[in-house]
Amino acid sequence: ETGVTQSPTHLIKTRGQQVTLRCSSQSGHNTVSWYQQALGQGPQFIFQYYREEENGRGNFPPRFSGLQFPNYSSELNVNALELDDSALYLCASSSVGGIGVQYFGPGTRLLVL
Amino acid sequence: AQTVTQSQPEMSVQEAETVTLSCTYDTSESDYYLFWYKQPPSRQMILVIRQEAYKQQNATENRFSVNFQKAAKSFSLKISDSQLGDAAMYFCAYRIPSQGGSEKLVFGKGTKLTVNP
């Protein structure tokens, strides 16, 4: 069974640029959730994708967008990067319904200069 | 709004001893799920233990157990026979069952656990 993978592991961007982060879900899982974890904080929910549709969104502006593909992998796109976007971005996959435990990837560390 | 509070920013324990990490949450829901995740310096969030609110029996996973007090909205984690590898950030998280909506996790701010040899 393959776990959740994310790429890249680290990324440095400058303010105003755009970034795409990628996530491959664990085999058998059909739901992907994205979280932002600022330094010293708990993860904050960005949004979730199920069956290639956004299925719930946290308190993040529209410049945070995503996609889910037929193989259940997912992308997180952030436009017009701001300094406060510097954080660890975590992807989690799960099967919808029931206790639906979310299994996390290793994260992408984004630094915006 | 659902919130999760971890009142202990840092805790320390001697190797082989027992430590308890606290977590309280606020919700008006009667059915929900609670989790403890561990995040070592490698950054990957690892599930430690989970509890369904409708189950009165406290969950146990090897050296890890919880004390779930539904009326008090408390969900503490007990680590027995602490090992050096238990050193990490521990996050308490809450989720309501999916009803066609998202299954988002709400996390606390975490407790940093240090294990002293």
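Everything that follows concerns the structure shown earlier in this document.
Residues numbered from 1 in each chain as written. Chains lettered and ligands numbered in written order. Predicted model: local features only at pLDDT ≥ 70, side-chain atom pairs only at ≥ 80, totals over all residues. Heavy atoms only, no water.

Draft legend 1. Molecular detail of the overall build of chain A. Looking only at helices and strands, chain A has 0 helices and 11 strands in total. Counted from the first residue to the last, chain A has its helices and strands arranged as β-β-β-β-β-β-β-β-β-β-β. A compact globule built from 113 residues would reach a C-alpha radius of gyration of about 13 Å, and chain A, at 13 Å, matches this within 12%. Seen through its principal axes, chain A has C-alpha atoms that stretch 40 × 25 × 25 Å. Contacts spanning at least 24 positions in sequence make up 53% of the contacts within chain A whose residues lie at least 6 apart. (Helix = DSSP H or I, 4+ residues; strand = E, 2+ residues; numbered from the N terminus. Rg over C-alpha atoms; globule rule 2.2 N^0.38 Å. Contact = heavy atoms within 4.5 Å.)

Draft legend 2. Spotlight on the interface of chain A and chain B. Taken together, the contacts link 30 residues of chain A with 23 residues of chain B. When chain A packs against chain B, the two sides together hide about 2,000 Å² of surface, and 51% of this comes from carbon and sulfur. Of all residues in chain A, P43, I99 and F104 of chain A bury the most surface against chain B, accounting for 28% of the area lost on that side. Inspection of the region where chain A meets chain B yields 0 salt bridges. It is strand β9 (residues 87-94) of chain A that contributes the most residues to the side of chain A that touches chain B, 3 residues altogether. By residue class, the composition of the side of chain A that touches chain B is 11 nonpolar, 18 polar and 1 charged. (Buried area = accessible area lost by both parts, 1.4 Å probe. Salt bridge = Lys/Arg side-chain N within 4 Å of Asp/Glu carboxyl O. Nonpolar A, V, L, I, M, F, W, Y, C, P; charged D, E, K, R; others polar.)

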